[in-house]
Amino acid sequence: RETRVEAAEAPTPDDLRVLVTEVTDLSVEPTPQGAIVRATGLPPMQGYWEAELVEVERTETAVTYEFRVFPPPQPTRVSTPQSREVVTGTELSNFELRGIRTVTVIGAQNRRTVSRR
């Protein structure tokens, strides 16, 4: 499920990375030890780096991440969407997954959510 967001959040004082422009894909892949949360983001140009899913909220049934990246030091080409894609992920243990029903990843222009039954 995807939701469009009106305004982008500013970087936090201790993290100078920005939110990726758009989260284009989100999956939660089970592993024997828990799950891997994998997200694909689309920045406005090539060269964005050091992507990370930063946990910003956790409740008994949901966990929310921001998809943060460093922009390139110099302006770069826009090129094709495929050449700009950035993929990152994080691992959740079975203990961390207990009770979690939804995982949300936030970008500057949208957020994606996956739910499990």
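### Re the overall build of the chain
Counting its regular elements, the chain contains two helices and nine strands. Counting from the amino terminus, the chain carries its helices and strands in the arrangement β-β-β-β-β-β-α-β-α-β-β. When each of the 117 residues of the chain is scored for burial, the buried share is 33%. Contacts in the chain between residues far apart in sequence, at least 24 positions, make up 64% of those at least 6 positions apart. Carbon and sulfur atoms make up 51% of the accessible area of the chain, which totals about 7000 Å².

### Section: the packing of aromatic side chains
For any two aromatic rings, the description comes down to two numbers: the centre-to-centre distance and the angle of the planes. Within the structure shown, the criterion is met by one aromatic pair. A centroid spacing of 4.8 Å and a plane angle of 25 degrees characterise the contact between Trp49 and Phe70, whose relative ring orientation is stacked. Placement of the pair is Trp49 in strand E5 (residues 49–58) and Phe70 in strand E6 (residues 62–70), with a sequence separation of 21 residues. Under the relative-accessibility criterion, Trp49 is labelled partly exposed at 40%. The partly exposed category is assigned to Phe70, whose relative accessible area is 22%. Lying over the aromatic face of Phe70, Arg17 brings its terminal NZ or CZ to 5.9 Å of the ring centre.

### Observations regarding the sheet that holds strand E3 (residues 22–31)
Adjacent strands of a sheet form backbone hydrogen bonds with each other and so pair up, either parallel or antiparallel. Across the sheet, three strands lie side by side as E3-E4-E7; this open sheet has antiparallel pairing. This sheet does not close on itself; its edge strands, each paired only once, are E3 and strand E7 (86–93). Strand-to-strand twist of the sheet, defined as the mean angle between neighbouring strand axes without regard to direction, takes the value 15 degrees. Sheet topology note: the E3/strand E4 (residues 34–42) ladder contains nine bridges and is antiparallel. Following the sheet pairing, Glu22 is matched in E4 by Leu42.

### Topic: the side chain of Thr104
Within the element layout of this structure, Thr104 appears in strand E8 (residues 102–106). Within the local environment of Thr104, its side chain forms a polar contact with the side chain of Thr113, the two groups lying 3.0 Å apart. Once residues lying within four places of it in the same chain are set aside, the contact partners of Thr104 are Val63, Thr64, Tyr65, Arg111, Arg112 and Thr113.

### Examining the pattern of salt bridges
Following the criterion strictly, the structure yields four salt bridges and no others. We note a salt bridge from Arg17 to Glu52, for which the minimum N-O separation is 2.8 Å. Here Glu52 lies in strand E5 and Arg17 lies in the loop between strand E1 (2–4) and strand E2 (18–19), a separation of 35 residues in the sequence. A salt bridge links Glu29 to Arg38, with the shortest nitrogen-to-oxygen separation between them at 2.8 Å.

What counts and what doesn't
- Residues numbered from 1 in each chain as written.
- Predicted model: local features only at pLDDT ≥ 70, side-chain atom pairs only at ≥ 80, totals over all residues.
- Heavy atoms only, no water.
- Helix = DSSP H or I, 4+ residues; strand = E, 2+ residues; numbered from the N terminus.
- Buried < 20%, exposed > 50% of the residue type's maximum accessible area, 1.4 Å probe, protein only.
- Contact = heavy atoms within 4.5 Å.
- Areas by Shrake-Rupley, 256 points an atom, 1.4 Å probe, with all protein chains shown as cover.
- Phe/Tyr/Trp six-rings, centres within 6.5 Å; stacked < 30°, edge-to-face > 60°.
- Lys NZ or Arg CZ within 6 Å of the ring centre and 35° of its normal.
- Pairing = 2+ DSSP bridges.
- Axes fitted to C-alpha atoms, helices over the stretch in contact; angles between N-to-C directions.
- Polar contact = N/O pair within 3.5 Å; in protein donor to acceptor, adjacent residues only side chain to side chain.
- Salt bridge = Lys/Arg side-chain N within 4 Å of Asp/Glu carboxyl O.

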